[in-house]
Amino acid sequence: MLVKLRNAQKLYVARTYAYVANGSDGLAIVDVINPERPVLDQMFNANGQLNDTRAVQIGSVSASMYALVADGHNGLRVVQMISPDTVEGAAGFSPRPAPRLIASYPTKHPMLAVSRGLDRDRVTDETGGQTVVFGRRGARPFHLDEMRPFLRHKDGAYYKVEDVLLKTVTEEREVEPGKKAKVSRTALMTRAGREIPAPEPPPAKIGPDGKPVEPALPQGNPSKLAPDFDLLRVVPLQPAIPKDSKEAPKKP
């Protein structure tokens, strides 16, 4: 199955969308979640401003995704595709783009291509959390056997991530002995309908007196925190007081 475009040129595929430079028609965004049946999701030309598109590259900065577009005689265009303040579910695996032109840079000659940026190697765990590990500065690249534990479960299955939604769930619970009632609550659900349980906090350490033990400050090298050190409980340092001063330091 084909998607008919009048002047398709260079393209970039990111997650479940293909971004196609489409000449005078601007930028074509094609849904390729099913590669055998691509569907045109939307056309974007910024009210006619993108009218000579030749090439496109997609890149991410922080929580936003951008397209760098070679717009021929117009020069370079920067199009914001995904941002937390414009796209609902921006943190999901492949949210629907909401393009908007945010910057332009005229060039002396028609801009016909955009070079591919340096990809930052990342791994993603089952909860969607990302960790930069493969391209560490000052260290050699990981070997395949070193990368494999970040990509697969112990049984060899690959880690998978899917979009999640907050939904109101109504269930019947026993509110009194022998009496049941319908109770509503908010739950984190996958699109497939599987509920993701809330993570349980680590158990508190109990001292001999039966009270919780506060985490201790690390000893020795101050740059290394103890494994159970809670940064949220760090007490501000007291201001320095000259030795000849009689003023007592104020409690934070």
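Quick caveat, the model's predicted, so the values are computed rather than measured.

Trainee: Quick one: what's the story with the pairing of strand β7 (residues 76-82), residue by residue and with numbers?
Mentor: Taking burial as the measure, the seven residues of β7 include six buried ones, the bulk of the element. For strand β6 (residues 64-70) and β7, the ladder comprises six bridges, and the chain directions are antiparallel. Bridging from a neighbouring strand, A67 pairs with V79 of β7. Linking β6 to β7, which pair antiparallel, is a turn of five residues; within it G72 sits at a positive phi near 50°. Bridging between β7 and strand β8 (residues 100-105) involves five bridges; their strand directions are antiparallel. Opposite L76, over in β8, you have Y105 as the bridge partner.

Trainee: Tell me what's going on with a nonpolar patch on the surface, and back it up with residues and numbers.
Mentor: Taken together, the side chains of F150, L151 and Y158 make up a nonpolar region of the molecular surface, amounting to roughly 280 Å² of accessible area. For F150, the location among the structural elements is in helix α1 (residues 144-151). Classification of F150 as partly exposed rests on a relative accessible area of 33%.

Trainee: Tell me about the pattern of salt bridges, residues and numbers included.
Mentor: Taken as a whole and assessed by the stated rule, the structure comprises seven salt bridges. The salt bridge involving D41 is made with R96; its shortest N-O contact spans 3.0 Å. Highlighted residues: D41 in strand β4 (residues 39-44) and R96 in the loop between β7 and β8, separated in sequence by 55 residues. One salt bridge in this structure joins D71 and R77, with 3.0 Å as the shortest N-O distance. Overall, R77 belongs to the buried group, its relative accessible area being 8%. Among the charged side chains, a network of salt bridges with common partners joins E171, R173, R185 and E195.

Quick notes on the rules
Residues numbered from 1 in each chain as written. Predicted model: local features only at pLDDT ≥ 70, side-chain atom pairs only at ≥ 80, totals over all residues. Heavy atoms only, no water. Buried < 20%, exposed > 50% of the residue type's maximum accessible area, 1.4 Å probe, protein only. Helix = DSSP H or I, 4+ residues; strand = E, 2+ residues; numbered from the N terminus. Pairing = 2+ DSSP bridges. Patch = residues over 30% accessible without salt bridge, like charges linked within 9 Å, V, L, I, M, F, W, Y side chains within 5 Å. Areas by Shrake-Rupley, 256 points an atom, 1.4 Å probe, with all protein chains shown as cover. Salt bridge = Lys/Arg side-chain N within 4 Å of Asp/Glu carboxyl O.

By themselves, these are just geometric observations and shouldn't be taken as functional.
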